[in-house]
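Structural overview
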Amino acid sequence: TGGTACEETAWESVDQIACRVPRGSRGSMRVAVTVGQRPASLTEALSYDAPALAHLSPSPFLTLAGGDTVTMSGTAFGASSASLEVRIGNTACEATAWASWSSVYARNAGGVGGSLRV
């Protein structure tokens, strides 16, 4: 995918494979597959939008204690929780739950405070 190897691949069937795209990948990309010594590629075969965060609840201006749940609304959070990860500041949340394409939940870790990036 765009010169970067998949994080994980899986054989699905005789005519289908799955690839977990690395973080930070977005836009239109060329896909290249090599089976044995036989390469194949397709230009602009893969395209998707990066996730976009639009709203936090409770308000991002409140101070949270460890173990509080934050609801995040936006777009392009995916079709399942397969690769969901939420960080508040540089700290991974204790637990995350995918709700939909536009909503995820996260429980922040104890000791995380101040004005932090989500």
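Heads up: these notes are all about the structure in this document. (Residues numbered from 1 in each chain as written. Predicted model: local features only at pLDDT ≥ 70, side-chain atom pairs only at ≥ 80, totals over all residues. Heavy atoms only, no water.)

So, on to the environment of T69. Of note, T69 is situated in strand β6 (residues 69-75). Given a relative accessible area of 47%, T69 falls into the partly exposed group. Linking T69 and C93, residues 24 residues apart in sequence, is a C-alpha distance of 9.6 Å. Excluding residues within four positions of it along the chain, T69 makes contact with S57, P58, Y105, A106 and R107. (Helix = DSSP H or I, 4+ residues; strand = E, 2+ residues; numbered from the N terminus. Buried < 20%, exposed > 50% of the residue type's maximum accessible area, 1.4 Å probe, protein only. Contact = heavy atoms within 4.5 Å.)

For the rest of this paragraph, the subject is the environment of A52. Within the secondary structure layout, A52 lies in strand β5 (residues 52-57). According to the relative accessible area criterion, A52 is partly exposed, its value standing at 36%. It is 6.6 Å that separates the C-alpha atoms of A52 and A76, two residues lying 24 residues apart in sequence.

This next bit is on the pairing of strand β1 (residues 8-13). Sheet topology places β1 next to strand β2 (residues 16-20); five bridges connect them, and they run antiparallel. From the neighbouring strand, S13 faces β2, where its bridge partner is Q16. Between β1 and β2, which pair antiparallel one after the other, the connecting turn spans two residues. (Pairing = 2+ DSSP bridges.)

What follows deals with unusual backbone geometry. Look at A76: it is not a glycine, yet its phi comes out positive at around 60 degrees. Looking at the element boundaries, A76 is found in the loop between β6 and β7 (87-88).

This paragraph deals with the sheet that holds β5. Strands sit in the order β5-β6-β10-β9 across an open sheet of four strands; the sheet is antiparallel. Looking at which strands have only one partner, the edges of the open sheet turn out to be β5 and β9 (95-100). The mean angle between the axes of side-by-side strands here comes to 25 degrees, regardless of whether they run parallel or antiparallel. Across five bridges, the pairing between β6 and strand β10 (residues 103-107) is antiparallel. When the sheet's bridge partners are listed, T71 is paired in β10 with Y105. (Axes fitted to C-alpha atoms, helices over the stretch in contact; angles between N-to-C directions.)

Let us now look at the state of the cysteines. Scanning all chains against the criterion turns up one disulfide. Here C6 connects covalently by a disulfide to C19, the sulfurs 1.8 Å from one another. One disulfide, between C6 and C19, carries an S-S torsion of -105 degrees and so falls in the left-handed class. Of this pair, C6 sits in the segment before β1 while C19 sits in strand β2; the two residues are 13 residues apart in sequence, bridging distant segments of the chain. For C6, a relative accessible area of 26% translates into the label partly exposed. (Disulfide = S-S within 2.5 Å.)

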